[in-house]
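Architecture and fold: a report
Read off the chains here:
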Amino acid sequence: MKPLARKGTIFSENLPQEVILYDKTSNKVHCLSKTAAAIWESCDGTRTVDDLVHIIEARFGAPSDPAVVLQALAELEKAELLEAGSVTLPDPAFASRREAVGKIAMASTALVATLVAPTPVAHASDPKRTPPPPPHA
Amino acid sequence: MFATLDGRAVETRRLLQLLTHREGDTLEWPPASAWDWRQFAETCETHGVTSFIYWRLQALMGRAVPDELLEHLHLNSLQICARNYQLAKQLVDLSSLLQNEGISSLAYKGPALSMAVYGGLALRHCSDLDLVIRKEQLVRAADLMAGWNFEATHTWGRPQLTPYMCRPDNPRHVEQAKEIPFRASDSAYFVDLHWCLGDRFWLPFSPDVDKLWERSVCLDLPTGTVSTLCLEDLFLALCAHGARHRWGCLKWLVDIVELLHKAGSFNWSRIEEMVRIRPWAGATASLALVLARDLLGVAAPLEAGKILPATARTLAVASAIREEILTRGESSGNENATLLALEGRPLQRMKYRTLLILRYPDSLLREIFVRVSPQDRALTRLPKNLEFLYYIIRPVRLVAKHCTRAARTLWSTAVGARLARRRADRPITDQRR
C-alpha cells in the first residue's frame, strides 16, 4: 500500500500544534495533528507504511508505532484527503493491523477532525449592529 | 457572566499580559482551585481573540493553564476556523456575482484582512463580510442584493419610523451614512456594503475612498481571489475603524500589531501623502500606535514615528482609553468621545452632539436620569442611604457642564473670528511685520 495525498485542491494552514486543511472541492475544513499532517504530506504514492513510520520517527525524534500511522491513514482516507483507492489495496499484514488499529482507535484521540461551523447566533451581539450611543456625559 | 466589573477588569489585564508575553517572560496564573477560567474564556470571546490566545497558550502547556480552559478554547477556535472558511467562500462567491453584474467591490476586513495580515483564516475571528463599492453603483448593488435574498437591516437612524429616509436611493441618506448591512437569507451572516469608510462626521478620519480603487490589490484566499485594499489603505482604515469604536475590542488592536509586523512592506511615502490630505486620518493612526505601545508593548516603526507623531491631544485620548480598559475591562465604546477629543473643531463637535441627541432622545434620557457615572460619585461622596441623590446630582452636573462648554466654544469661536477679521483688515505694511 502506497497512499497518495490529494493536494491539488487542498489549502493548508500551519498552526503551532496543528494543521488546518481546507478542501476546495467539498468545502470542508479539517484539523490535523502534527503527526497526521506529517503523514499526509509524506504520502506521495511511493512510500509504504514502514517508510512513513521511519519518516515520523526522524521528524519527531521518537519511536513511532505503526498502528498510529495506520490510524492516521484510516482517518485521512475517511476525510477524503487521500486519493481514492490509494489505501484500499489488499495487504495481508494490513488486515491484522487494521484489527489492532481498531482497538487502539477506540481508546485514542482523533488525529484528523472535520470541523463544523457553529450555528449563526454568535454574531448577533456584534456591537456594530446597534446604533451609536448619544454623547457620553 | 462576571460577578463584578472588577472581575472583568482582572481578566482583561490577564489577557493583555498574555498578549504582551514574550519568550522567557514569567507568566503568573492563579491556581486552578482559586480561579474560574470561564471568566477568562468569556473575556477572550468578548474581545474576539479566542483563536489567537489559544494558539499562544499552547506554547505555555505544562505551566498552570487548566486543561478545561485549553479544551474550551480549542473547541471554540476550531468552530471559529470553520466559520471563517465558510465566510471566505461566501465572500468570493458574492464578489464574483457582483463582478459579473459590472459592480466592482473591494473586500474589507473579515476574511480578507485575516488572510492579508495573518496569512490564514484560523487565527482571527471573522464575524461578517464587508465590501466597499462605488457610491454611484450603490442603488444597483442594493437591488441585486435584495434579488439574491439578502435583507437590508438598517442600523443608522430610525428606519422603522422613516423607511424612506434610509434607502440607498435617498441622496441625503447616502450623504450621511456609510454602509447598508444586509442579512443573508439563512441569517448565517451579515454583509455590509460600504460606499464610504466613515459616515459624514467620521469621513475626515478615514482614507479617501475614491483613491482606494486605484491602489487596490488582488488577494488569494483559499476559496478564490478578491480585490482588496492595499496595506497602506488597510492600515489607515483599520485605525479609523478602531478609533470609531474607541478600541472597544482588543482584536482590532491585535490586527494593527500584526499589520505593523509587515511594516517593512509599507510604502511610507504613500501613507505620508495620505495623512497630508487627511490629517485626521493621521490622528487616528497615531492613536492606534500609542495604544499598541501602551497596551500590547509594541513599539511603532521608525518611519511611523516620524510621519504619525503623537500630539498632546492624542496622548490624552490614548491615556483615557487605556485607563478604561484596565480599570473596567473595556472601553466605553463611545465613538463621538474619541472623535471629539481627537479633533479641534468645536463647532463641528457641537453640531454632531446635537444631531445625536435629536436622533436618540430616549437614549439620552436614559443616559442622564438612569445612569450614575464615576464622575458623579467623585463630585461628592454620599452615604449608602443617600445614594439616590446621585440621580438628581447627575442631570444638574451635566447641564452645568455642557452649558459651560457650549458658552466657551461659542466665545472662542467668536473671538477667533474677530481676530481673523482684524488681521485681514490690517494694512499690508502692518501684516508684514
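Criteria and cut-off values
- Residues numbered from 1 in each chain as written.
- Chains lettered and ligands numbered in written order.
- Predicted model: local features only at pLDDT ≥ 70, side-chain atom pairs only at ≥ 80, totals over all residues.
- Helix = DSSP H or I, 4+ residues; strand = E, 2+ residues; numbered from the N terminus.
- Buried ≥ 20, exposed ≤ 12 C-beta atoms within 10 Å, placed from the backbone.
- Contact = placed C-beta atoms within 7 Å.
- Axes fitted to C-alpha atoms, helices over the stretch in contact; angles between N-to-C directions.
- Parallel < 35°, antiparallel > 145°, perpendicular 65-115°, else oblique.
- Nonpolar A, V, L, I, M, F, W, Y, C, P; charged D, E, K, R; others polar.
- Pairing = 2+ DSSP bridges.
- pLDDT = per-residue confidence, 0-100.
- Core = buried A, V, L, I, M, F, W, Y, C linked by C-beta atoms within 7 Å.
- Arc of directions from axis to C-beta.
- Expected span 1.5 Å × (residues − 1).

Examining the overall build of chain B
Counting secondary structure elements, chain B contains 20 helices and 7 strands. When the 433 residues of chain B are sorted by exposure, 37% land in the buried category. Put simply, of all contacts in chain B between residues at least 6 apart along the chain, 70% involve residues at least 24 apart.

Some thoughts on the overall build of chain A
Secondary structure summary: chain A contains 4 helices and 4 strands in total. Order of helices (α) and strands (β) in chain A, N terminus to C terminus: β-β-β-α-α-α-α-β. Out of the 137 residues in chain A, the part that is buried amounts to 28%. A sequence separation of at least 24 residues applies to 63% of the contacts in chain A between residues at least 6 apart.

Description of unusual backbone geometry
The residue asparagine 27 of chain A is not glycine, and still its phi comes out positive at about 60°. Relative to the helices and strands, asparagine 27 of chain A resides in the loop between β2 (18-23) and β3 (28-33).

Description of the packing of helix α4 (residues 67-100) of chain B against helix α5 (residues 110-118) of chain B
Packed helices, taken two at a time, are described by the angle between their axes plus the distance between the axes. All names here are of chain B. The contact between α4 and α5 brings their axes to 8 Å, and the two run at 110°. Taken together, the axes of α4 and α5 are roughly perpendicular relative to one another. Of the residues in α5, those touching α4 at Asn84, Leu87, Ala88 and Leu91 are Gly110, Pro111, Ala112 and Ser114. Class assignment for the residues of the contact of α4 with α5 results in 5 nonpolar, 3 polar and no charged.

Remarks on the sheet that holds strand β1 (residues 10-14) of chain A
Taken in spatial order, the 4 strands of this open sheet run β1-β2-β3-β4 (chain A), and their pairing is antiparallel. Lying at the two open borders of the sheet, with one neighbouring strand each, are β1 and β4 (112-115) of chain A. Adjacent strand axes in the sheet meet at a mean angle of 25° when their direction is disregarded. Looking at chain direction, β2 of chain A and β3 of chain A are connected through 6 bridges and run antiparallel. Across the sheet, aspartate 23 of chain A pairs through a bridge with lysine 28 of chain A, a residue of β3 of chain A. Here α4 of chain B sits on the sheet in contact with β2, β3 and β4 of chain A, set at roughly 145° to β3 of chain A.

Description of the confidence of the model for chain A
All names here are of chain A. Of the residues in chain A, 69% have a pLDDT of 70 or more, and the chain-wide mean is 76. Confidence scores differ between elements of chain A, with helix α4 (residues 92-107) showing the lowest mean pLDDT of 47 and helix α1 (residues 34-42) the highest of 94. Note on residues 99-108: pLDDT is under 50 here. Beyond four places in sequence and across chains, it has 9 contacts.

As for the packing of helix α10 (residues 250-260) of chain B against helix α12 (residues 279-296) of chain B
Residues and elements named next belong to chain B. Interaxial distance between α10 and α12 falls to 10 Å at its minimum, and their mutual angle equals 100°. Comparing the axis directions of α10 and α12 gives the class roughly perpendicular. Each of Leu253, Ile256, Val257 and Leu260 in α10 lies in contact with α12, whose residues at this interface are Ala288, Leu291, Ala292, Leu295 and Leu296. Residues of the contact of α10 with α12, tallied by class, amount to 9 nonpolar, no polar and no charged.

Details of the nonpolar core
Across soluble globular proteins, nonpolar side chains show a tendency to be buried alongside one another. Among the nonpolar cores identified, the biggest contains 129 residues, and Ile39 of chain A together with Cys81, Leu253, Ile256, Leu291 and Ala292 of chain B are the most heavily contacted of them. Element by element, the count of residues in this core is highest for α4 of chain B, at 12 residues. Among residues more than four places away in sequence, those in contact with isoleucine 39 of chain A are Leu52, Ile56, Val69, Ala72 and Leu73 of chain A.

Some thoughts on the pairing of strand β1 (residues 105-108) of chain B
For a regular strand, side chains alternate in direction, first toward one face of the sheet and then toward the other. All names here are of chain B. Neither face of β1 is exposed, since Ser105 and Ala107 on one face and Leu106 and Tyr108 on the opposite face are all buried. Here β1 pairs with strand β2 (residues 129-133) via 4 bridges, running antiparallel. Bridged to serine 105 within β2 is isoleucine 133.

Considering helix α2 (residues 37-46) of chain B
Residue and element names in this part refer to chain B. All of the buried residues in α2 are Phe40, Thr43, Cys44 and Thr46. Mapping the buried residues of α2 onto a view down its axis gives an arc of 165°, with all of them on the same face. Within two residues after α2, glycine 48 carries a phi angle of roughly 65°, on the positive side.

A look at the pairing of β1 of chain A
In the sheet, β1 of chain A pairs with β2 of chain A via 5 bridges, with the strands oriented antiparallel. Along β2 of chain A, the bridge assignment pairs glutamate 13 of chain A with isoleucine 20 of chain A.

Here we look at the environment of histidine 245 of chain B
As for its placement among the helices and strands, histidine 245 of chain B is situated in the loop between α9 (231-244) and α10. The spatial distance from the C-alpha of histidine 245 of chain B to the C-alpha of glutamine 375 of chain B is 22 Å, given a sequence separation of 130 residues.

Concerning the confidence of the model for chain B
Residues and elements named next belong to chain B. Mean pLDDT over chain B: 83, with 84% of residues reaching 70 or higher. The low-confidence segment residues 429-433, where pLDDT is below 50, has 1 contact with residues more than four positions distant or belonging to other chains. Both scores are available for the predicted complex, with the pTM at 0.79 and the ipTM at 0.78.

Considerations on α9 of chain B
Note: α-helices contain 3.6 residues per turn, so residues at a spacing of three or four share the same orientation. For α9 of chain B, with 14 residues, the first-to-last C-alpha span of 20 Å sits near the 20 Å given by 1.5 Å per residue. Within α9 of chain B, 14 of the 14 residues are buried, leaving the element largely enclosed by the surrounding structure.

Describing the environment of alanine 72 of chain A
Residues and elements named next belong to chain A. Relative to the helices and strands, alanine 72 is located in helix α3 (residues 66-78). Judged by the 26 C-beta atoms lying within 10 Å of it, alanine 72 falls in the buried class. Setting aside residues up to four positions removed in sequence, alanine 72 forms contacts with Thr35, Ala36, Ile39 and Leu111.

Observations regarding the environment of alanine 146 of chain B
In this fold, alanine 146 of chain B is placed in helix α6 (residues 138-147). Distance in space between the C-alpha atoms of alanine 146 of chain B and arginine 183 of chain B is 9.9 Å, their sequence separation being 37 residues.

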